[in-house]
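# Commentary on secondary and tertiary structure
The lines below spell out each chain.
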Amino acid sequence: MGLKDIQGTALYTFLLSCIPAPNEIQTRKVFIPHELSVMPRYMKTLGTMCDYGVRARNQYRDFGYVQKGLRSGRYKEDSDLVETLLDASSLSATEAYLLVTGKYPGHLANAFYKDYNILTERAISMYRLVGAYSGFYGLPFSETPPIGKIECDCVFSKGIADMKVSRTSSYNREYWVQLMLYTFIARSRDNLDRRCLYLLYPVQGDIKCFIYPEAQYRILFKVFQEVRQCT
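Residues numbered from 1 in each chain as written. Predicted model: local features only at pLDDT ≥ 70, side-chain atom pairs only at ≥ 80, totals over all residues. Heavy atoms only, no water.

Moving on, we come to helix α8 (residues 214–230). Given 3.6 residues per helical turn, the α-helix brings residues three or four places apart onto the same face. For α8, with 17 residues, the first-to-last C-alpha span of 25 Å sits near the 24 Å given by 1.5 Å per residue. Those residues of α8 lying buried are Tyr217, Leu220, Phe221, Phe224 and Val227. Along α8, the residues classed as buried sweep out an arc of 130° about the axis, all on the same side. Exposed residues lying more than 90 degrees from the buried face of α8 are Ala215, Ile219, Lys222, Gln229 and Cys230. Looking at the buried side of α8, the elements it contacts are α1 (10–18) and α7 (173–190). (Helix = DSSP H or I, 4+ residues; strand = E, 2+ residues; numbered from the N terminus. Expected span 1.5 Å × (residues − 1). Buried < 20%, exposed > 50% of the residue type's maximum accessible area, 1.4 Å probe, protein only. Arc of directions from axis to C-beta. Contact = heavy atoms within 4.5 Å.)

Below is the structure:
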């Protein structure tokens, strides 16, 4: 599922009205910017590789899309290796590339190794800095249409965190809409207020944060439930 599946709906319009304005977001710079070596056309692949690299290093995690690929025969002759990697405590760049693309590379460009190793280590530190020590990484949600199946990068007791491997950390409305959707869906499951929303940018070394006032958050969640039922 992508946000495109709910765009144009009353639900998307509501979520868009909930996100913080640029001047309400706090930015904490924790690393100097990293100069990317991977070419722009491989950024999406690199981002998912780093996401999987972070998941492997945490106890509570889920690789739902990889497991789906195993069931559909996507990994072919590498299926035994992939099943082993789902229980691994870390992933090399080559292993992460296999999980993302379904292909074990005979030769992976050095740019992938450099960027993957640096950005994964940065991201792990950034998750720790926001307090996601025992978070659940890749938590799957299976919702009724138009939301469908989604995975959240990290859900922890007080907040939602999402990592973005991007060439810019400038304000992006869709990223914040995504966080709003995750926090409301998570609350509908366990009734925990996750008012702290974080975007982590390991390339730029930035942590973006917005914390909702408790009363406002609960009012918005109530409206979310009403809008969702009508969508």
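Having seen it, we continue.
With the rule as written, the count across this model stands at 11 salt bridges. Measuring nitrogen to oxygen at the nearest pair gives 2.8 Å for the salt bridge that ties arginine 57 to glutamate 121. Taken together, the residues arginine 57 in the loop between α2 (43–56) and α3 (64–71) and glutamate 121 in helix α6 (residues 110–129) connect sequence positions 64 residues apart. The exposure class of arginine 57 is partly exposed, given its relative accessible area of 36%. A single salt-bridge network, built from bridges that share partners, covers Arg187, Asp193, Glu214 and Arg218. (Salt bridge = Lys/Arg side-chain N within 4 Å of Asp/Glu carboxyl O.)

In this structure, Tyr127 and Tyr198 are the most contacted members of the largest nonpolar core, which totals 45 residues. Residues Leu11, Ile147, Trp176 and Tyr182 belong to the second largest nonpolar core, which totals 35 residues. (Core = buried A, V, L, I, M, F, W, Y, C linked by side-chain atoms within 4.5 Å.)

Our focus in this paragraph is α3. Listing the buried residues of α3 in full gives Gly64, Val66, Gly69 and Leu70. Looking at the buried positions of α3, the neighbouring elements they touch are α2, α4 (79–85), α5 (93–101) and β3 (149–156). The positive-phi residue at the C-terminal boundary of α3 is glycine 73, with phi of around 80°.

Next up on the list: the sheet that holds strand β4 (residues 159–163). Pairing is mixed in the open sheet, where 6 strands are placed in the order β1-β6-β5-β4-β3-β2. Each edge of the open sheet is held by one strand with a lone partner, namely β1 (26–29) and β2 (136–142). Neighbouring strand axes in the sheet, compared pairwise and without regard to direction, differ in orientation by 30° on average. As paired elements, β2 and β3 share 6 bridges and run antiparallel to each other. Bridge assignment links proline 140 to a residue of β3, and that residue is glutamate 151. Running over the sheet, α6 touches β1, β2, β3, β4, β5 (196–201) and β6 (206–211) and is turned about 165° from β4. (Pairing = 2+ DSSP bridges. Axes fitted to C-alpha atoms, helices over the stretch in contact; angles between N-to-C directions.)

In this section: the packing of aromatic side chains. Within this structure, the stated rule accounts for 12 aromatic pairs. Judged by centre distance (5.7 Å) and plane angle (45°), the ring pair of phenylalanine 184 and tyrosine 217 falls under tilted. One end of the pair, phenylalanine 184, is in helix α7; the other, tyrosine 217, is in helix α8, with 33 residues separating them in the sequence. As far as burial versus exposure is concerned, phenylalanine 184 and tyrosine 217 are alike and both buried. Grouped by ring-pair contacts, the aromatic residues Phe14, Phe184, Phe210, Tyr212, Tyr217, Phe221 and Phe224 constitute a single cluster. Between the NZ or CZ atom of arginine 55 and the centre of the ring of phenylalanine 63, over which it lies, the distance is 5.9 Å. Across from the ring centre of tyrosine 175, 4.3 Å away, lies the NZ or CZ of lysine 164, which sits over that ring. (Phe/Tyr/Trp six-rings, centres within 6.5 Å; stacked < 30°, edge-to-face > 60°. Lys NZ or Arg CZ within 6 Å of the ring centre and 35° of its normal.)

Orientation of α7 relative to α8, taken along the N-to-C sense of each, is 85°, at an axis distance of 10 Å. The orientation of α7 with respect to α8, classified from their angle, is roughly perpendicular. Where α7 approaches α8, its residues Leu181, Thr183, Phe184, Ile185, Arg187 and Ser188 are matched on the opposing element by Tyr217, Arg218, Leu220, Phe221, Phe224 and Arg228. A breakdown of the residues in the contact of α7 with α8 according to their chemical character gives 7 nonpolar, 2 polar and 3 charged. (Parallel < 35°, antiparallel > 145°, perpendicular 65-115°, else oblique. Nonpolar A, V, L, I, M, F, W, Y, C, P; charged D, E, K, R; others polar.)

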